[in-house]
Amino acid sequence: MPTPAAHSGKTIHDLATRLRRLPPSCGPVRLIGVDGHAGSGKSTFAGQLARELDDAPVLHLDDIASHDELFEWTERLRAQVISPLAHGRTAHYTPYDWRARHFGPPLALPPAPVIVVEGVGAGRRALRPYLARLLWMELAHEESWTRGRSRDGEEQREFWDGWVRAELRHFADDPSRPFADLLVRQCGKGYEVVPGPAGTAGPDLSITDGDDPSAVC
């Protein structure tokens with residue numbers, strides 16, 4: 001794993017600038033995948049990145065998965081999202097309601113210049129050909145799951161027990177981290193982004209939220 005030298009003044013804005021310059025990867029869209037273990041901070045990071053990407057849409061894979069299909073949602077994602085975007089059309093997907101346990105009415109997802117796809121499995125092999133970049137939240141699974149369990153409370157304990165087993169099976173069969181272009185590490189209130197195992201971003205990339213004193217790593 002590379003050991004970065006943090007440079008003051010490098011911010012998440014720099015990452016967004018680099019991503020915005022990438023060639024489209026799915027029709028006219030640059031799909032940016034944000035993967036990692038449950039509880040690793042994907043949603044928070046994806047939201048901050050999307051704001052820097054001119055309020056780019058964020059597709060949460062929690063909206064695609066369901067109780068019955070924690071990870072077996074590839075075909076639904078391909079049909080509802082990937083195929084329309086690849087043809088330059090507005091996608092329509094049916095978000096899953098985890099409390100009511102049913103899919104809701106369709107939501108529109110226009111073919112924006114950049115769309116952030118976040119969730120466990122965002123870097124799965126079926127999706128990687130459509131990604132302009134794959135980012136992996138660099139946090140060990142035990143720490144991630146501890147954070148997730150704390151976040152969701154005791155009422156979700158049984159669900160988490162089943163989720164952990166399912167996530168272990170998923171990543172054993174279809175790992176994402178070895179194919180990550182970038183690794184994202186949370187440090188303090190900021191982030192550090194360094195080249196990942198795939199290393200397509202080049203060895204010089206080291207970004208921290210150094211412009212904001214409250215977010216310095």
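Residues numbered from 1 in each chain as written. Predicted model: local features only at pLDDT ≥ 70, side-chain atom pairs only at ≥ 80, totals over all residues. Heavy atoms only, no water.

### Some points on the overall build of the protein
Across its full length, the protein holds five helices and eleven strands. Out of the 217 residues belonging to the protein, those deemed buried represent 51%. Taking contacts inside the protein between residues at least 6 apart in sequence as the whole, the part at least 24 apart equals 68%. Here the protein has roughly 10,500 Å² of accessible surface; of this, 51% comes from carbon and sulfur atoms. (Helix = DSSP H or I, 4+ residues; strand = E, 2+ residues; numbered from the N terminus. Buried < 20%, exposed > 50% of the residue type's maximum accessible area, 1.4 Å probe, protein only. Contact = heavy atoms within 4.5 Å. Areas by Shrake-Rupley, 256 points an atom, 1.4 Å probe, with all protein chains shown as cover.)

### A look at the nonpolar core
Grouped together as the largest cluster of nonpolar side chains are 33 residues, with contacts concentrated most on Leu31, Leu77, Leu85, Ile115 and Val117. Among the elements of the structure, helix H3 (74-86), strand E3 (91-93), strand E7 (114-118), strand E8 (131-137) and helix H5 (157-173) are those that each provide at least two residues to this core. The biggest single contributor to this core is H3, with four residues. Counting residues in each nonpolar core, the second largest holds 22 residues, with Leu22, Val34, Leu53 and Ala56 among its members. (Core = buried A, V, L, I, M, F, W, Y, C linked by side-chain atoms within 4.5 Å.)

### Observations concerning the pattern of salt bridges
With the rule as written, the count across this model stands at eight salt bridges. As a salt-bridge pair, arginine 20 and aspartate 54 come within 3.4 Å of each other at their nearest N and O atoms. Here aspartate 54 lies in the loop between helix H2 (42-52) and strand E2 (58-60) and arginine 20 lies in helix H1 (residues 12-20), a separation of 34 residues in the sequence. Using a relative accessible area of 59% as the deciding quantity, one classes aspartate 54 as exposed. With its nearest N and O atoms 2.6 Å apart, the salt bridge here joins arginine 76 to glutamate 69. When its relative accessible area of 17% is taken as the criterion, arginine 76 is described as buried. Here glutamate 69 falls in the partly exposed class, since its relative accessible area comes to 26%. (Salt bridge = Lys/Arg side-chain N within 4 Å of Asp/Glu carboxyl O.)

Any functional reading would require information beyond the geometric quantities listed.
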